[in-house]
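Coordinate inspection notes
Here are the chains, one letter per residue:
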Amino acid sequence: MFKRSLILFAVVLSFSGCWNKDFQEPGRIQVAKKPTEAIIGGNFQRVWAATQAALAKLPMIRKDVDASTARAYVVTDWNRGKSDVLFHGFGENRMPYVIRYKLYVYLATGVGGTRVTIKNIEQYMDDSITAGVDFQGGVYTWIKTESSGLKENAILEQINKLVHDPQFKGDAQ
């Protein structure tokens, strides 16, 4: 009888570790949201050339431009980087989560310049148990998270800087 109770206690104890965990992983810090859309003063062709130059280091899976309507878009492939807001650990030992992100960049002629909109799909990898999601063929899975807007805003600033740089001789393709 004692042996049976001990086994039952061990089983209950082992299953209790699978339920809701009190610690929160990943650790999230708050950052000020940055704009992910801007009207950039300059003609469409120059802004399009600057956009391509700003995204040149990222692999692209789709790029299309319609010069007659002055609209264009770019879709990058998944890129790896470090999160701006998700961290492992606490205090000074915090380390950013490895993330992957995909950018959707839209351009259209607008009032006062060319409207550039950047949408970032961002995901972090975590184990299914910690994340509380269903298994999808492996213990680890990519989990969608909200972007901070910092990456998108940095690209917008780079495009704006290139457009207004007299030395920039971008060739729109």
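Above this text is the structure in question.
This is a predicted model, so every value here is computed, not measured.

What follows deals with the packing of aromatic side chains. On inspection of all chains with the given rule, the structure shows one aromatic pair. Plain terms: the ring middles of Tyr 97 and Tyr 124 are 5.4 Å apart, the flat faces sit at 90 degrees to each other, and that makes the pair edge-to-face. With Tyr 97 in strand β6 (residues 95-110) and Tyr 124 in strand β7 (residues 113-127), the pair connects residues that are 27 residues apart, well separated along the chain. Both residues of the pair, Tyr 97 and Tyr 124, belong to the buried class. Above the ring of Trp 78, the side-chain terminus of Arg 100 is found at 4.2 Å from the ring centroid. Lying across the ring of Tyr 101, Lys 151 places its NZ or CZ 5.6 Å from the centre.

A few words now on the environment of Thr 114. Tracing the chain through its elements places Thr 114 in strand β7. When near neighbours in sequence (up to four residues on either side) are disregarded, Thr 114 contacts Ala 38, Ile 39, Ile 40, Gly 42, Asn 43, Phe 44, Val 47, Leu 107, Ala 108 and Thr 109. A polar contact of 3.5 Å, which involves the side chain of Thr 114, links it to the backbone oxygen of Gly 42.

Glancing now at the nonpolar core. Leu 103, Val 105, Leu 107, Val 116 and Ile 159 are the most contacted members of the largest nonpolar core, which has 30 residues in total. Contributions of two or more residues to this core are made by α2 (44-54), β4 (71-76), β5 (79-88), β6, β7 and α4 (150-163). Once you skip the residues sitting within four places of it in the chain, Leu 103 turns out to touch Leu 55, Leu 58, Val 74, Val 75, Thr 76, Ile 118, Lys 119, Asn 120 and Ile 155.

The buried count for α2 comes to eight of 11 residues, which makes it a mostly enclosed element. Residues of α2 that are buried: Phe 44, Val 47, Trp 48, Ala 49, Ala 50, Thr 51, Gln 52 and Ala 54. The N-terminus of α2 is capped by Asn 43, whose side-chain oxygen sits 3.2 Å from the backbone nitrogen of Gln 45.

For the rest of this paragraph, the subject is the pairing of β5. Relative to β5, strand β1 (residues 27-28) runs antiparallel, the two sharing two bridges. When the bridges of β5 are listed, Arg 28 appears paired with Leu 86. Strand direction decides the pairing type here: β5 and β6, joined by six bridges, are antiparallel. Pairing of Gly 81 across the sheet is with Ile 99, part of β6.

Calculation notes
- Residues numbered from 1 in each chain as written.
- Predicted model: local features only at pLDDT ≥ 70, side-chain atom pairs only at ≥ 80, totals over all residues.
- Heavy atoms only, no water.
- Phe/Tyr/Trp six-rings, centres within 6.5 Å; stacked < 30°, edge-to-face > 60°.
- Helix = DSSP H or I, 4+ residues; strand = E, 2+ residues; numbered from the N terminus.
- Buried < 20%, exposed > 50% of the residue type's maximum accessible area, 1.4 Å probe, protein only.
- Lys NZ or Arg CZ within 6 Å of the ring centre and 35° of its normal.
- Contact = heavy atoms within 4.5 Å.
- Polar contact = N/O pair within 3.5 Å; in protein donor to acceptor, adjacent residues only side chain to side chain.
- Core = buried A, V, L, I, M, F, W, Y, C linked by side-chain atoms within 4.5 Å.
- Pairing = 2+ DSSP bridges.

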